[in-house]
Amino acid sequence: MLRKMNELRTRIDAIDDQILDLLNRRAEVVIEVGRAKAGQSRDFYVPSREQAIYERLTASNPGPFPTEAIRKVFREVISASLSLEQPMKVAFFGPSGTFTHAAAMKQFGFSAQLVSQKGIPGVFDEVLRGRANYGVVPVENSTEGAVSHTLDMFMESDLQINAEILLEISHYLLSRTGRIEDVRRIVSHSQPFAQCRKWLEEHLPDIPLIDVGSTAMAAQMAAEDETAAAIASEMAASLYDLKIVKERIEDNPNNFTRFLVIGNNTPDPSGRDKTSIMFSIKDQPGILYRMLEPFSKRGINLSKIESRPLKKKAWEYIFFLDMDGHIRDGNVHDAVEELREYCQFLKVLGSYPSAR
């Protein structure tokens, strides 16, 4: 048995050496690609190209290596490769340990330089001023709806949406002791409180809830007070040396948050894209019907419609609309231009690959 194990480990070592050799050969090609892009002033981060790589590899995987692990492995390969072309700096709504931090790592990998910001406006400002290449911000949750601060920032900013990230959200009750009987108060962000409302009412109905700026801040507070528990991510438990009191306490097991990657350019079409716009319409009879008609008659699927009050004038609204397709597609472009005729203003926020 020992001899057989040694033979198998020797074979694994040989395969690992081959993988290492192939990674370095891939890196050499990536460096050449970087030089070619520099000569053409092209973006070094291309979300559509990454998506195509993931889809091709997962579709052609014969096994037994698990298909769901392929994206994670190649996420880090691509992340390290991008760092060879140019150091990638990404701002995110922090601090470390938030779900936005997890989304940024999922999209950009460990080789990117992830820089936390205290608020969503700070993320926009870092990208706008060129101190970060990209930013990651939350935009909506499948249970609680839109993140209004992000939508409001698009009213003031000309940054473009470059990609979207879907992250499954699981909430953990964390404390220093790990014992539910020690909990005297619970701290978290307002969104996790809303997403765990039923569980909290059933299991800890008399414990006060304290709203703080982020789940990571809550974890940090729990780490300093053994009578406090935080609702945060599993990653926050390891970052702040906390124990799990109860895992997966969210009321809806299908709980996802959508995040946006913001940058200065619009990605090229990938073949499966989404376009986001914002607009304000002229108030007149039948305007809501005419607002949707350009998309209906062209067979364009609308995946989201959200409204926000126009702060400069009472009872007027800004609409946010997501549709399938890229703004360079003829029918999408024509529908948007037809809608523009009924608008006081209209802005295309970006066209980008749809998250799977």
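Structure: above.
What counts, and at which threshold
Residues numbered from 1 in each chain as written. Predicted model: local features only at pLDDT ≥ 70, side-chain atom pairs only at ≥ 80, totals over all residues. Heavy atoms only, no water. Helix = DSSP H or I, 4+ residues; strand = E, 2+ residues; numbered from the N terminus. Buried < 20%, exposed > 50% of the residue type's maximum accessible area, 1.4 Å probe, protein only. Contact = heavy atoms within 4.5 Å. Areas by Shrake-Rupley, 256 points an atom, 1.4 Å probe, with all protein chains shown as cover. Pairing = 2+ DSSP bridges. Axes fitted to C-alpha atoms, helices over the stretch in contact; angles between N-to-C directions. Salt bridge = Lys/Arg side-chain N within 4 Å of Asp/Glu carboxyl O.

A.B. asks: Would you explain the overall build of the protein in this entry?
C.D. replies: The helix and strand tally for the protein stands at twelve helices and 15 strands. With respect to the principal axes defined by its C-alpha atoms, the protein has extents near 80 × 60 × 35 Å. Within the protein, buried positions represent 45% of all 356 residues. Of the contacts made within the protein by residues no fewer than 6 positions apart, 77% connect residues no fewer than 24 positions apart. With the model as given, the accessible surface of the protein reaches about 18700 Å², and the carbon-plus-sulfur share is 52%.

A.B. asks: Can you walk me through the sheet that holds strand 12 (residues 273–281) in this structure?
C.D. replies: Whenever strands of a sheet pair, they do so through backbone hydrogen bonds, lying parallel or antiparallel. Sheet architecture is open: four strands sit in the order 13-14-12-15, paired in antiparallel fashion. Taken across any chain shown, the strands that pair with only one partner, and hence form the sheet edges, are strand 13 (302–309) and strand 15 (343–353). Each strand of the sheet is rotated relative to its neighbour by a mean of 15°, with strand direction disregarded. Note: strand 12 against strand 14 (residues 317–324), six bridges, orientation antiparallel. Note on strand 14: the bridge partner recorded for S276 is D322. Running at roughly 155° to strand 12, helix 11 (residues 287–296) makes contact with strand 12, strand 13 and strand 14 of the sheet. Strands strand 12, strand 14 and strand 15 of the sheet are contacted by helix 12 (residues 330–340), whose axis makes an angle of about 160° with strand 15.

A.B. asks: Would you explain the pattern of salt bridges in this entry?
C.D. replies: If the charged atoms of two oppositely charged side chains come close together, the side chains can form a pair. Summed over the entire model, instances satisfying the criterion amount to 23 salt bridges. The closest approach of N and O atoms between E7 and R3, which form a salt bridge, is 4.0 Å. Taken as a pair, E7 and R3 lie in helix 1 (residues 2–40) at a separation of four residues, close to a single helical turn. Of the residues examined, E7 reaches a relative accessible area of 40% and is grouped as partly exposed. The closest approach of N and O atoms between D21 and R25, which form a salt bridge, is 3.7 Å. Of this pair, D21 and R25 both sit in helix 1, separated by four residues, roughly a single helical turn. A relative accessible area of 42% places D21 in the partly exposed class. The exposure class of R25 is partly exposed, given its relative accessible area of 48%. Each of E140, E164, R258, K274, K304, E306 and D322 takes part in salt bridges that share partners, so that together they form one network.

A.B. asks: How do you make sense of the sheet that holds strand 7 (residues 185–188) when you look at a structure like this?
C.D. replies: Here five strands make up an open sheet; going across it, the order is 8-7-9-6-10 and the pairing mixed. A single partner strand is all that each edge strand has here, and the edge strands are strand 8 (209–211) and strand 10 (243–246). Here the strands of the sheet are splayed against their neighbours by 35° on average, with no regard to which way each runs. As judged from the three bridges shared by strand 7 and strand 9 (residues 228–232), these two strands associate in the parallel manner. Looking at strand 9, one finds that V187 is bridged to A230. Together, strand 6 (172–175), strand 7 and strand 9 form the strand contacts of helix 9 (residues 215–224), whose direction differs from that of strand 9 by roughly 155°.

A.B. asks: In this structure, what is going on with the pairing of strand 7? I would like to understand it.
C.D. replies: The side chains of a regular strand alternate between both faces of the sheet. Across three bridges, strand 7 lies against strand 8 in parallel orientation. Looking at the pairing, S188 lines up with D211 of strand 8.

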